[in-house]
Amino acid sequence: MSHRADFPLLVRQPTLRYLDSAATAQKPAIVLDAVREFYETSYANPHRGAYALSGRATECYHDARSRVARFFGLRDAACLIFTRGTTESLNLVATAWGTHNIQRGDEIVVTRLEHHANFVPWQQLALARGAAFRIVELTPDGQVDLDHLRRVVTSRTKVVAVAHVSNALGTITPLAEIASVARAVGALVVVDGAQSAPHMAVDVDTLDIDFYAFSGHKMGAPTGIGGLIGRRAILETMSPYQMGGDMIELVGDDRTSWNVLPHKFEAGTPNVGGAVGLAAAAGYLTSIGMAEVRRHEQALTAVATERLASIPGVHVYGPDAAHRSGVVSFTVDGIHAHDLATILDQDGVCIRAGHHCAQPLLRRLGVGATARASFFVYNDRTDVDALVAGVRSAQALFHGAAA
Amino acid sequence: MGELRELYQSIILDHNRAPRNYGALPDANGHADGRNPLCGDEVTVWVKMDGERIADVRFVGGGCAISKASASLMTIAVKGKTATEVGTLADHFQAVVTGQVAAPAHTDPTLGRLATLSGVSQFPIRVKCATLAWHALRAAINSAPGTSAPGTSAPGTSAPLGAPPGQ
Ligand SMILES: Cc1ncc(COP(=O)(O)O)c(C=O)c1O
């Protein structure tokens with residue numbers, strides 16, 4: 001069942017077919033209400049004011065952290081650091097952990113699937129530290145080639161950075177297998193969870209990983225909030241990422257000591273309103289049930305891939321629906337993805353066209369751009385119908401084929 | 001479908017399928033790349049300048065129909081023109097596709113067939129596709145020894161290293 005009625009933007013624009021949730025998700029009313037309620041009843045600078053209102057804001061912030069931690073199955077909520085999102089979280093790890101732990105001759109391993117946010121920081125860290133940067137290739141259907149991973153990971157490997165779900169192909173990666181290969185050589189496992197957090201149950205305490213990064217805006221929360229979940233033992237040895245207010249314990253003229261987790265990594269006035277919205281988004285997804293979210297999206301994905309692939313001239317990339325999140329990446333012979341997106345947009349169908357911030361992957365696929373439709377809880381079969389009809393009418397426009 | 005048909009006229013679809021002046025120009029004395037990092041459109045434009053005049057021009061590029069057809073139509077339009085004339089034409093073209101100059105562009109004598117791209121003005125997010133090759137052309141002319149096309153190259157276009165600075 002679709003939950004379109006919960007999303008004011010989609011209610012106000014009933015003909016809109018929003019198929020770009022992998023880029024960002026629309027916001028349920030419950031999130032917008034929670035943010036508004038917070039600003040109208042409890043807003044002040046947390047941690048700082050010696051008055052009740054500031055205390056309330058502080059409480060809201062802490063409460064948001066506990067609720068988001070619970071959503072991810074994290075018992076030790078202090079190991080959840082609020083950030084601006086996945087990009088900042090991954091840069092935090094690559095900078096605060098990487099610069100102190102990567103030496104000349106070490107190896108950093110990523111996969112061919114990675115979003116630039118989980119690729120460029122590691123590539124640049126490797127360049128700066130004189131480390132080797134290795135890319136694990138994919139099987140023909142766009143899954144991580146585990147045999148290649150086993151060959152690439154060596155005793156010199158210090159970190160394996162991998163997406164839980166690919167934003168470009170939808171591939172769900174086998175985290176348990178990847179983590180066990182990394183563990184065997186003592187390498188850190190850093191997971192880009194931008195595309196798994198909104199779409200499947202994630203229980204970080206049962207995953208044998210060291211870091212998990214995610215973005216709230218893809219889960220229905222406002223922009224500008226997300227998080228990094230890290231292993232306490234590692235976070236405690238790490239130096240701060242940014243310096244300023246809130247992250248200190250004692251500032252002397254010559255030296256400074258750091259605040260405890262998570263504050264050590266949260267310099268400056270935090271995004272409390274964002275955190276409140278993120279907690280509400282997590283609550284909203286929990287109320288539907290992550291298993292149900294996954295089931296709903298998987299069903300739509302199966303229908304969409306099958307119907308698109310059956311159109312002559314259409315090529316769908318990536319694995320079968322069982323190994324794929326709600327992302328369908330495809331090309332149409334003779335029609336550039338960009339033109340396709342413009343044509344679909346005329347019918348109110350919003351898809352993404354381009355390289356999806358995954359240029360190393362698209363280069364390997366041998367395409368400059370793909371069209372990408374992605375699903376969330378508010379989509380239903382009529383969206384797939386509109387997508388398929390739009391592709392056919394684009395073909396009619398470009399090739400004069402019968403629509 | 002009306003605005004779409006206006007955007008994707010048969011001339012544009014034809015130039016997309018069979019772009020003219022496509023391929024490298026071996027005896028070029030200027031060239032530049034244009035890149036639109038947002039959508040991945042890429043174009044390289046070569047010019048052979050004979051003094052102030054474009055003796056020959058060719059391009060290579062993968063991208064959407066608008067960028068490809070625009071580059072193709074551009075090469076036809078500018079061959080034989082002086083750098084100054086190209087600068088004026090590029091400004092006029094830019095004004096039309098951004099909607100600053102209201103169409104009846106179809107009967108615009110200075111644009112000729114370039115006017116078929118005026119439909120882009122209804123699709124603001126596609127303007128960059130139509131102007132990419134023009135920015136690269138200006139940079140290519142500027143990179144040729146002793147010539148420059150008035151106007152500015154957009155960010156994302158780059159002349160080869162060692163080229164004399166444009167104005
Ligand atoms: C897989 C993946 N990683 C990282 C990111 C970056 O997320 P953000 O832009 O929210 O920091 C995205 C989203 O664009 C993504 O899909």
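Residues numbered from 1 in each chain as written. Chains lettered and ligands numbered in written order. Predicted model: local features only at pLDDT ≥ 70, side-chain atom pairs only at ≥ 80, totals over all residues. Heavy atoms only, no water.

### Description of the overall build of chain A
From N to C terminus, chain A includes 13 helices and 15 strands. Taken over C-alpha atoms, the radius of gyration comes to 22 Å for chain A, in line with the 22 Å a tight globule of 403 residues would show. With the C-alpha coordinates aligned to their principal axes, the bounding extent of chain A is approximately 75 × 55 × 30 Å. Within the span of chain A, comprising 403 residues, buried residues form 59% of the whole. With the model as given, the accessible surface of chain A reaches about 15700 Å², and the carbon-plus-sulfur share is 52%. The centroid of the 36 positive side-chain charges in chain A is displaced by 3 Å from the centroid of its 39 negative side-chain charges. (Helix = DSSP H or I, 4+ residues; strand = E, 2+ residues; numbered from the N terminus. Rg over C-alpha atoms; globule rule 2.2 N^0.38 Å. Buried < 20%, exposed > 50% of the residue type's maximum accessible area, 1.4 Å probe, protein only. Areas by Shrake-Rupley, 256 points an atom, 1.4 Å probe, with all protein chains shown as cover. Lys, Arg positive; Asp, Glu negative; His and termini not counted. Charge placed at Lys NZ, Arg CZ, Asp CG, Glu CD.)

### Concerning the domain arrangement of chain A
All names here are of chain A. Parsing chain A into structural domains produces domain 1 (30–286) and domain 2 (290–402). Domain 1 and domain 2 are separated by 29 Å when their C-alpha centres are compared. Counting residues at the interface gives 30 residues for domain 1, matched by 26 residues for domain 2. Carbon and sulfur atoms make up 63% of the area that domain 1 and domain 2 hide from each other, which totals about 2300 Å². Interface area lost by domain 1 to domain 2 is led by Arg-112, Leu-169 and His-199, which between them contribute 28%. In this structure, the connection of domain 1 to domain 2 is made through one salt bridge. Among the salt bridges present, the one from Arg-364 reaches Glu-137, with a minimum N-O distance of 3.0 Å. Counting the contacts that link domain 1 with domain 2 gives 12 residue pairs in polar contact (both at pLDDT 80 or more). Here the side of domain 1 that touches domain 2 is composed, by residue class, of 15 nonpolar, 10 polar and five charged. (Domains from an automatic or database assignment. Contact = heavy atoms within 4.5 Å. Buried area = accessible area lost by both parts, 1.4 Å probe. Salt bridge = Lys/Arg side-chain N within 4 Å of Asp/Glu carboxyl O. Polar contact = N/O pair within 3.5 Å; in protein donor to acceptor, adjacent residues only side chain to side chain. Nonpolar A, V, L, I, M, F, W, Y, C, P; charged D, E, K, R; others polar.)

### Points about the pattern of salt bridges
All names here are of chain A. As enumerated under the stated definition, the model contains 24 salt bridges over all chains in all. A salt bridge links Arg-183 to Asp-210, with the shortest nitrogen-to-oxygen separation between them at 3.1 Å. Remark: Asp-210 occurs in the loop between β6 (188–192) and β7 (211–215) and Arg-183 occurs in helix α7 (residues 175–184); sequence separation between them is 27 residues. Residue Arg-183 is classed as partly exposed on the basis of its relative accessible area of 27%. Given a relative accessible area of 5%, Asp-210 falls into the buried group. With its nearest N and O atoms 2.9 Å apart, the salt bridge here joins Glu-292 to Arg-295.

### What to know about the packing of aromatic side chains
Residue and element names in this part refer to chain A. As enumerated under the stated definition, the model contains 16 aromatic pairs over all chains in all. An angle of 50° between the planes, with centres 5.0 Å apart, marks the rings of Tyr-39 and Tyr-43 as tilted. Here Tyr-39 falls in the partly exposed class, since its relative accessible area comes to 44%. For Tyr-43, a relative accessible area of 44% puts it in the partly exposed group. Taking 5.5 Å as the distance between ring centres and 45° as the angle between the ring planes, the aromatic pair formed by Tyr-61 and Phe-82 counts as tilted. Taken together, the residues span a long stretch of sequence, with Tyr-61 in helix α3 (residues 52–71) and Phe-82 in strand β2 (residues 80–83) at a distance of 21 residues. Taken as a pair, Tyr-61 and Phe-82 share a single burial class, namely buried. Through successive ring pairs, a cluster of aromatic residues spans Phe-7, Tyr-18, Tyr-284, Phe-376 and Tyr-378. (Phe/Tyr/Trp six-rings, centres within 6.5 Å; stacked < 30°, edge-to-face > 60°.)

### Description of unusual backbone geometry
All names here are of chain A. Omega for the bond connecting Leu-261 with Pro-262 falls within 30 degrees of zero, at 0°, which places this linkage in the cis form. Along the chain, Pro-262 turns up in the loop between β10 (256–258) and α9 (272–288). A positive phi angle, near 70°, is found at Asp-246, a position not held by glycine. A positive phi is found at Cys-357, a non-glycine position, where the angle reads about 55°.

### What about the side chain of Glu-88 of chain A?
Note that Glu-88 of chain A resides in helix α4 (residues 86–101). Excluding residues within four positions of it along the chain, Glu-88 of chain A makes contact with Thr-83, Tyr-241 and Gln-242 of chain A.

### Things to note about the site of the ligand
All names here are of chain A. Close contacts around the ligand come from Thr-86, Thr-87, His-115, Ala-117, Asn-167, Asp-192, Ala-194, Gln-195, Ser-215, His-217 and Lys-218, and that covers them all. Within the side chain of His-115, an N or O atom sits 3.2 Å from an oxygen atom of the ligand. One of the side-chain N or O atoms of Ser-215 is found 2.6 Å from an oxygen atom in the ligand. Bound to the protein, the ligand loses 84% of the 390 Å² it would expose on its own. Grouping the constituent residues of the shell around the ligand by class yields two nonpolar, seven polar and two charged. (Near = heavy atom within 4 Å.)

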